[in-house]
Amino acid sequence: MVGRRGAGGLLVGALVSWAVLGGAVSSGAAGDSGADEPAPGPADSAYSATTGVGVHNAYEKGKYPYFADALDSGAGMLELDVWTNVFGSGWRVSHSNPLGNDNNCENAQNPGELRTKPRNQSLAGCLQDMRSWHDAHPGHRPVLLKVEMKDGFQARGGRGPAELDALLKSKLGDAVYRPGQLAGGHATLDEAVRDKGWPGRAELAGKFVVELIPGTVEQGNPADTLWTDREYATHLRDLAGRGRLGDAAAFPAVLGAEAGDPRGRYTDATIRPWFVLFDGDASAYAGGGIDTRWYADRRYLVVMTDAHKVAPAIDGTHPTEAQARERVALLAGRHASIVSADWTPLPDVLSMVLPRG
């Protein structure tokens, strides 16, 4: 499919034209709140029927001085890296320091404190910033918060799935869109999305959707046999079995692009229906060997990472705006829900919302 340049060009042209005519969302520049998002056309597209743009590792100070700036960017997805090992305290947010915090979060207790306090806060501080920003921007665009659990959960240290649910609830409260809300009385998340789909973007206004993926350290640890994806999906299944799915606050993602149904990797078939979110390399999804329509037809969400590497590769941080827009449109045509890169200098690209497919 990538090699069909003529067809791809027509697709990109059509989607870009759609955006120019006002069908896509394109909210403010870097100084804008990025919060009051005009509705895409049609007026209330389902969340799973649109394509947004995300920022990889948005907590890094080199990308945004404060996490509030990342929230203001207009991006449809922001990513945090979280450490839980017993050698440090709490839930740490850092790229490469497993023992402490190194980030742009400040633990602002109210909107007036945003951009005023010391940074390098824990996950609780990042979530508190999100709540304060949320309070300042009611009805903001839906934001997918992607959390990479760098070294996985540490349930024995009080940092397991249930404790994460409690932390998300205590800091974000009703600003989190929960698995129980998506299930809506259905037996599993898979059954729910295939029956009724995700809510419309208008219904998700003012909400954060939390995605969990296994971390790079966890994946490389031969002693870790229970990765984040399986552990949290099992948690969802067990909560549902006890009639307590409403306690859950996050959605586990199947990590890695594969042909067919990648949930087949889980030997315990009972957890497979608790995955409705998938995350993998954009080049693999765009390469033609994976039927990405399969995801869209079932209303599953797909995060496509490293969008700049899709052939022909463009700059990972500073492409031209036209290049970045064309890349988003190309991957929207490949049924991406979120197109992820490091395009922080391009707020008008980050705030794009296109029709999926």
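Scroll up for the structure.
All figures in this text were calculated on a predicted structure; none of them were measured in a lab.

### Notes on the overall build of the protein
For step 1, the next point in the chain: Along the protein, the regular secondary structure elements total twelve helices and ten strands.
For step 2, the next point in the chain: In the protein, which comprises 357 residues, the share counted as buried stands at 56%.
For step 3, the next point in the chain: Within the protein, counting contacts between residues at least 6 apart in sequence, those at least 24 apart form 69% of the total.
For step 4, the next point in the chain: Accessible area of the protein: about 13,400 Å², with a carbon and sulfur share of 52%.

### Things to note about helix α3 (residues 123-136)
For step 1, the next point in the chain: In a regular helix each residue adds 1.5 Å, so 14 residues correspond to 20 Å; α3 covers 20 Å between its end C-alpha atoms and thus fits that length.
For step 2, the next point in the chain: A large share of α3 lies buried, amounting to twelve of its 14 residues.
For step 3, the next point in the chain: Turning to α3, its buried residues are Leu123, Ala124, Gly125, Cys126, Leu127, Gln128, Asp129, Met130, Arg131, Ser132, Trp133 and His134.
For step 4, the next point in the chain: On the buried face of α3, the contacting elements are α2 (67-72), β2 (77-83), β3 (92-93), β4 (143-149), α4 (161-172) and β5 (208-214).

### Thoughts on unusual backbone geometry
For step 1, the next point in the chain: Cis rather than trans, the peptide bond between alanine 311 and proline 312 has omega equal to -5°.
For step 2, the next point in the chain: Tracing the sequence through the fold places proline 312 in the loop between β8 (301-305) and α11 (321-333).
For step 3, the next point in the chain: For asparagine 57, which is not glycine, the phi torsion reads 50° and is therefore positive.
For step 4, the next point in the chain: Structurally, the position occupied by asparagine 57 is in the loop between β1 (50-55) and α2.
For step 5, the next point in the chain: For histidine 335, which is not a glycine, the phi torsion comes out positive at approximately 75°.
For step 6, the next point in the chain: Relative to the elements of secondary structure, histidine 335 occurs in the loop between α11 and β9 (338-341).
For step 7, the next point in the chain: Exposure remark for histidine 335: the relative accessible area of 7% places this residue in the buried category.

### Examining the environment of valine 143
For step 1, the next point in the chain: Following the sequence through the fold, valine 143 ends up in strand β4.
For step 2, the next point in the chain: Spatially, the C-alpha atom of valine 143 lies 9.5 Å from that of glycine 52, the residues being 91 residues apart in sequence.
For step 3, the next point in the chain: With sequence-adjacent residues up to four places away left out, valine 143 is seen in contact with Ala75, Gly76, Leu78, Lys207, Phe208 and Val209.

### A word on empty space enclosed by the protein
For step 1, the next point in the chain: Applying the stated criterion across every chain yields a total of two cavities of 30 Å³ or more.
For step 2, the next point in the chain: As a volume, the largest cavity reaches approximately 130 Å³.
For step 3, the next point in the chain: As for the largest cavity, its lining consists of 19 residues, and the residues nearest its centre are Tyr47, Gly52, Gly76, Arg201 and Ile338.
For step 4, the next point in the chain: Those elements giving two or more residues to the lining of the largest cavity turn out to be β1 and β8.
For step 5, the next point in the chain: Residue contributions to the lining of the largest cavity peak at three residues, all from β1.
For step 6, the next point in the chain: Split into classes, the residues belonging to the lining of the largest cavity amount to nine nonpolar, seven polar and three charged.
For step 7, the next point in the chain: In this structure, the second largest cavity encloses a volume near 30 Å³.
For step 8, the next point in the chain: Looking at the second largest cavity, the residues that line it are Leu123, Leu127, Leu145, Val147, Leu164, Leu168 and Val210.
For step 9, the next point in the chain: Elements represented by at least two residues in the lining of the second largest cavity include exactly α3, β4 and α4.
For step 10, the next point in the chain: Broken down by class, the residue content of the lining of the second largest cavity amounts to seven nonpolar, no polar and no charged.

### Here's the deal with the pairing of β2
For step 1, the next point in the chain: By the criterion of burial, β2 is predominantly enclosed, with seven of the seven residues buried.
For step 2, the next point in the chain: Going residue by residue along β2, you find Met77, Glu79, Asp81 and Trp83 tucked away on one face and Leu78, Leu80 and Val82 tucked away on the opposite face as well.
For step 3, the next point in the chain: Direction of pairing for β2 relative to β4: parallel, over a ladder of six bridges. Its bridge partner being in β4, glutamate 79 is matched across the sheet by lysine 146.

### Some remarks on the pairing of strand β6 (residues 251-255)
For step 1, the next point in the chain: Along β6, four of the five residues are buried, which leaves the element largely enclosed by surrounding structure.
For step 2, the next point in the chain: Sheet analysis places β5 next to β6, joined by two bridges and oriented parallel. Each residue of the ladder has a partner; that of glutamate 211, found in β6, is phenylalanine 251.
For step 3, the next point in the chain: Of the strand pairs in this sheet, β6 and strand β7 (residues 277-281) are connected by three bridges, and their pairing is parallel. Paired with valine 254 across the bridge in β7 is phenylalanine 278.

### Focus on α4
For step 1, the next point in the chain: In a regular helix each residue adds 1.5 Å, so twelve residues correspond to 16 Å; α4 covers 16 Å between its end C-alpha atoms and thus fits that length.
For step 2, the next point in the chain: Every buried residue of α4 is accounted for by Pro161, Leu164, Asp165, Leu167, Leu168 and Leu172. On an axial view of α4, the arc spanned by its buried residues comes to 165°, and they lie on one face. For α4, the exposed residues lying more than 90 degrees away from the buried face are Lys169 and Ser170.
For step 3, the next point in the chain: As for α4, its buried residues are in contact with α3, β5 and α8 (228-241).
For step 4, the next point in the chain: Glycine 173, located one to two residues past α4, shows a positive phi value of around 55°.

About the thresholds
Residues numbered from 1 in each chain as written. Predicted model: local features only at pLDDT ≥ 70, side-chain atom pairs only at ≥ 80, totals over all residues. Heavy atoms only, no water. Helix = DSSP H or I, 4+ residues; strand = E, 2+ residues; numbered from the N terminus. Buried < 20%, exposed > 50% of the residue type's maximum accessible area, 1.4 Å probe, protein only. Contact = heavy atoms within 4.5 Å. Areas by Shrake-Rupley, 256 points an atom, 1.4 Å probe, with all protein chains shown as cover. Expected span 1.5 Å × (residues − 1). 1 Å grid on protein atoms, 1.4 Å probe; cavity = no way out; pocket = protein on both sides within 12 Å on 5 of 7 lines; lining within 4 Å. Points joined across faces, edges and corners; volume = space filled by probe spheres on them. Nonpolar A, V, L, I, M, F, W, Y, C, P; charged D, E, K, R; others polar. Pairing = 2+ DSSP bridges. Arc of directions from axis to C-beta.

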